[in-house]
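Chain residues, written in single-letter form:
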Amino acid sequence: MKAAFAENAWPAVRDALKTSRNAVAILPCGATEAHGPHLPLNTDVIISETMAAHALPLLERRGYAATILPALAYMPAEYAQAFPGTVTVSAAAAKALMLDIAMSLKAQGFACLALANSHFDPANVAMLRETAEDIRKRGLPVAFPDFTRRKLAQTLTEEFQSGACHAGQYETSLIMAARPDLVDETGRLHLKDNPASLTDAFAKGARTFAQAGGPDAYFGYPRNACTAEGKESFRVMASALIDAIDIATSPDGQRN
Ligand SMILES: [Zn+2]
């Protein structure tokens, strides 16, 4: 089975499901959303797909038949909706779509659905948590490394943990590592630091990026971004994804 699920002809999927008891489908969860004036709208799609791509060979080595589904590019993105280019959908619509995808994969014989998410809008994260739980209740193990939980957040960069982390140093470094052609380098180097913490603003009730102190849809320090940091973050995220898959597919799994 090819890494890119949709590039397979159907017999390749049939054969992989026949020969492996541990077939894992990774669903990259992104958004189409404003990411500062220097990063593309599909930043989260690229990050989630690349995280999955980093995990794939390691999963194969561990005996999984793993494949990467076409990404979810339309998800709840309420905080960024004032910016042209952002496409937001309701949590109910996203959840219904994900449940149907999961049940379709379960019916084919996939042993686990892994959610590779890098879109941290609170409405999206809440929806993913709830949806993961519902899919588990319907009998399909789900691996969902939730980087907004403290334990995993602590494995990522200082800026990520500060909450000033939308299109800042953390995400810009990831796109510089994955798709440098999509970064506006000149624009990036002219961006002022923006230490406003999105997570603090969420907690205080801000409902938009502007209210949270990000009038240009970025938070953090895009000027400090570098490819090496992006590569390291991908390594850490891929390893969290693999750990979550190990737990979800273990006999007493389903707890992560
Ligand atoms: Zn993002």
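This section reports on the structure supplied with the text. (Residues numbered from 1 in each chain as written. Predicted model: local features only at pLDDT ≥ 70, side-chain atom pairs only at ≥ 80, totals over all residues. Heavy atoms only, no water.)

### Quick look at the packing of helix H3 (residues 91-108) against helix H4 (residues 122-137)
Here is the rule we go by: Only the stretch in contact is used when fitting a helix axis, every axis being a line fitted to C-alpha atoms; angles between N-to-C directions are given from 0 to 180 degrees. Secondary structure follows DSSP: runs of H or I at least 4 residues long count as helices, runs of E at least 2 residues long count as strands, and numbering of each begins at the N terminus. Just so you know how the angles are binned, under 35 degrees is roughly parallel, over 145 roughly antiparallel, 65 to 115 roughly perpendicular, and the rest oblique. Less than a right angle of anticlockwise turn of the near helix away from the far helix marks a crossing as left-handed, whereas a clockwise turn marks it as right-handed. By definition, residues are in contact when any of their heavy atoms lie within 4.5 Å.
At their nearest, the axes of H3 and H4 sit 10 Å apart, and the two run at 30 degrees to each other. Taken together, the axis directions place H3 and H4 in an arrangement best described as roughly parallel. With respect to the hand of their crossing, H3 and H4 are arranged in right-handed fashion. On H4, the residues that touch Ala 91, Ala 94, Lys 95, Met 98, Leu 99, Ala 102 and Met 103 of H3 are Met 127, Leu 128, Glu 130, Thr 131, Asp 134 and Ile 135.

### Considering the coordination of the zinc ion
Spelled out, the test is: For Na, K and Ca the donor cutoff is 3.2 Å, while for all other metals N, O and S atoms count as donors only within 2.8 Å; water does not appear among the atoms, so some sites may look incomplete. Relative accessible area decides the class of each residue, using a 1.4 Å probe on protein chains only: under 20% of the type maximum gives buried, over 50% gives exposed, and in between gives partly exposed.
Donor atoms from the polypeptide that coordinate the zinc ion comprise His 35 (NE2), Asp 44 (OD) and Glu 171 (OE), at 1.9 to 2.1 Å from the metal. Sequence spacing of the donors to the zinc ion: H-x8-D-x126-E. On the criterion of sequence distance, the pair formed by His 35 in the loop between strand S1 (23-29) and helix H2 (43-61) and Glu 171 in helix H7 (residues 169-178) is long-range, its members being 136 residues apart. Residue classification places Glu 171 among the buried positions, given a relative accessible area of 2%.

### As for the sheet that holds strand S4 (residues 142-143)
Working definition: the strands of a sheet are paired by backbone hydrogen bonds and lie parallel or antiparallel to each other. Stated precisely, the cut-off is as follows: Two strands are said to pair when DSSP picks up at least two bridges between them.
Read from one edge of the open sheet, four strands run S2-S1-S3-S4, paired in parallel fashion. Each having just a single partner strand, strand S2 (65-68) and S4 make up the two edges of the open sheet. Alignment of S1 against S2, held across four bridges, turns out to be parallel. Paired with Ala 23 across the bridge in S2 is Ala 65. Strands S1, strand S3 (112-117) and S4 of the sheet are contacted by H4, whose axis makes an angle of about 175 degrees with S3. Each of S1, S3 and S4 touches helix H10 (residues 227-249); the most contacted strand, S3, lies at about 155 degrees to it.

### Points about the pairing of S3
Note the following rule: By definition, the crossover connecting two strands over a helix is right-handed if that path, from the first strand to the second, turns clockwise as seen with the strands pointing away from the viewer.
Taking burial as the measure, the six residues of S3 include six buried ones, the bulk of the element. Burial along S3 is two-sided: the residues Cys 112, Ala 114 and Ala 116 and Leu 113, Leu 115 and Asn 117 are all buried. Looking at chain direction, S3 and S4 are connected through two bridges and run parallel. Note that in S4 the partner of Leu 113 across the bridge is Val 142. Chirality of the crossover, the property in question, places the unit of S3, H4 and S4 among those that are right-handed.

Remember, this is a structural readout, not a statement about activity or role.
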